[in-house]
Amino acid sequence: MEKTLRPEPRKGVMDIAAYVPGKSTAGAGVGKVHKLSSNENPLGASPAAKEAVRRMTEKMEFYPDGAATRLREAIAERHGLNPANIICSNGSDEVIGLLTQTYLNPGDEGVFTEHGFLVYKIYIQAAGGVPVVARESRETADVDAILAAVTPRTKIVFVANPNNPTGTYLPFEEIRRLHAGLPGNVLLVIDAAYAEYVRRNDYEAGIELVSSAENVVMTRTFSKIHGLGGMRIGWAYGPAQIIDALNRVRAPFNVNAAAIEAGVAAMGDRAHVERTVLHNEKWLNWLSEELPKLGLRVTPSVANFLLIHFPENGRHSAAAADEYLLARGYILRRVGAYGFPNALRMTVGTEEANRGVVAALTEFLKD
Ligand SMILES: *Cc1c(COP(=O)(O)O)cnc(C)c1O
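What you are looking at is a predicted structure, and each value in this text was computed from that prediction instead of being measured. (Residues numbered from 1 in each chain as written. Predicted model: local features only at pLDDT ≥ 70, side-chain atom pairs only at ≥ 80, totals over all residues. Heavy atoms only, no water.)

Peer 1: Any chance you could explain the site of the ligand here in plain terms?
Peer 2: Taken together, the residues surrounding the ligand are Gly 91, Ser 92, Asp 93, Phe 117, Asn 164, Asp 191, Ala 193, Tyr 194, Thr 221, Ser 223, Lys 224 and Arg 232. Note that an oxygen atom of the ligand is positioned 2.6 Å from one of the side-chain N or O atoms of Ser 223. Here an oxygen atom of the ligand and a side-chain polar atom of Arg 232 are 2.6 Å apart. Burial of the ligand by the protein amounts to 94% of the accessible area it has alone, namely 380 Å². (Near = heavy atom within 4 Å. Polar contact = N/O pair within 3.5 Å; in protein donor to acceptor, adjacent residues only side chain to side chain. Areas by Shrake-Rupley, 256 points an atom, 1.4 Å probe, with all protein chains shown as cover.)

Peer 1: In this structure, what is going on with the nonpolar core? I would like to understand it.
Peer 2: The nonpolar side chains of soluble globular proteins are, as a tendency, buried together. Residues Leu 71, Val 157, Leu 188, Phe 222 and Trp 235 are the most contacted members of the largest nonpolar core, which totals 54 residues. Of all the elements, helix 9 (residues 257–268) adds the most residues to this core, at 6 residues. Here Leu 71 is in contact with Cys 88, Phe 222, Ile 233, Val 255, Ile 260, Gly 263 and Val 264, once residues within four sequence places are set aside. The next biggest cluster of nonpolar side chains, apart from the first, holds 27 residues, and it includes Ile 87, Phe 117, Val 335 and Tyr 338. (Core = buried A, V, L, I, M, F, W, Y, C linked by side-chain atoms within 4.5 Å. Buried < 20%, exposed > 50% of the residue type's maximum accessible area, 1.4 Å probe, protein only. Helix = DSSP H or I, 4+ residues; strand = E, 2+ residues; numbered from the N terminus. Contact = heavy atoms within 4.5 Å.)

Peer 1: Would you take a moment to explain the sheet that holds strand 7 (residues 154–160) for this structure?
Peer 2: Two modes of strand pairing occur in sheets, parallel and antiparallel, and in both the strands are linked by backbone hydrogen bonds. If you walk across this open sheet you meet the 7 strands as 2-10-9-8-7-3-4, and the pairing is mixed. For this open sheet the edge positions go to strand 2 (86–89) and strand 4 (130–134), each flanked by a neighbour on one side alone. Across the sheet, the mean angle from the axis of one strand to that of its neighbour is 20 degrees, orientation sign disregarded. With 4 bridges joining them, strand 9 (residues 216–221) and strand 10 (residues 234–237) adopt antiparallel strand pairing. Bridge pairing in strand 10 places Met 218 opposite Tyr 237. Packing against the sheet, helix 2 (residues 69–79) makes contact with strand 2, strand 9 and strand 10, and its axis sits at approximately 125 degrees to strand 2. (Pairing = 2+ DSSP bridges. Axes fitted to C-alpha atoms, helices over the stretch in contact; angles between N-to-C directions.)

Peer 1: Even after reading the chapter, I still don't get helix 11 (residues 318–327), so can you show me in this structure?
Peer 2: Residue pairs spaced three or four apart in an α-helix point in one direction, given the helix's 3.6 residues per turn. Among the residues of helix 11, Ala 318, Ala 321, Asp 322, Tyr 324, Leu 325 and Leu 326 are the ones counted as buried. At its buried positions, helix 11 is contacted by strand 13 (330–331), strand 14 (333–335), strand 15 (340–347) and helix 12 (351–366). In the segment just after helix 11, Gly 329 is the residue with positive phi, at about 90 degrees.

Okay, structure coming up:
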């Protein structure tokens, strides 16, 4: 008998653990559902973005501008950048993938941190690269550990600042120290998906460092503060040579026409961003005070979510809490895949959702 031939994926592809998104349904019989599993904006998208997308539906037959020029100009104006140094993408996940595809040869190493965003690992592997994990200290990226993980094979280093799912951040002096310790041929990617939420004097998203170096890229997203996760819009700011290389690899129309309209409108609506920041600050502080009163440790967060750690006895585990909350319509995020088998990540939600979770956990812990 002739052996049956079949197509085989490239080496390493079947080693990839597919990304598991946060749950979005709570199961049958549950009343109102509060989705607190994907760090979405509880105030929704800007009304201007909604209106822009409605108008766009009259012109759906036209291809989008492949260069997303108006969107790059809107971003550039808002942030004081040169639009030529910006690339837009189908969510910032896509630009993370473009970076690994463009800068890793098979066998090259990509470094990320112990509790870092899992998308880095997936894309390093998808590009045929070798994922290398640098340990963290106190649930925070550790610059010395990252530098110690760098070898002659390292081509890319990812740091989420602030990080998901911990919510911790590195002061900008530490990012500078990291950059200063990296060889010039290693690309440093600063993923600043939550930058707008951070209210710390020693924090910077990375714009200045990108502008003054040849090997630093900052990635950003419209999915979080702008409430546009469903539209899939991300962007990166980088040196001209890097943006040029990424533009050769990306799909010709990677950002769709509705996304471009939504993004331009969202960039112009500063009031919505400000409202969101104020809401988050108020309720992040509230949750950070209330949850420890229940005996639950929370990792200090500067983002729009909190990592909640559960007691090590069986009855009040994160898994049990997750089921208890789900049955009451509160969807949080399991984070076992991030090295936290006994914690849940909670997005800062509406007042109703935040109070509801604290009340439900109070009951849960009494049992
Ligand atoms: C949510 C998130 C992103 C953004 O993802 P999009 O693809 O833009 O929706 C990027 N990095 C981190 C760390 C995130 O948490």
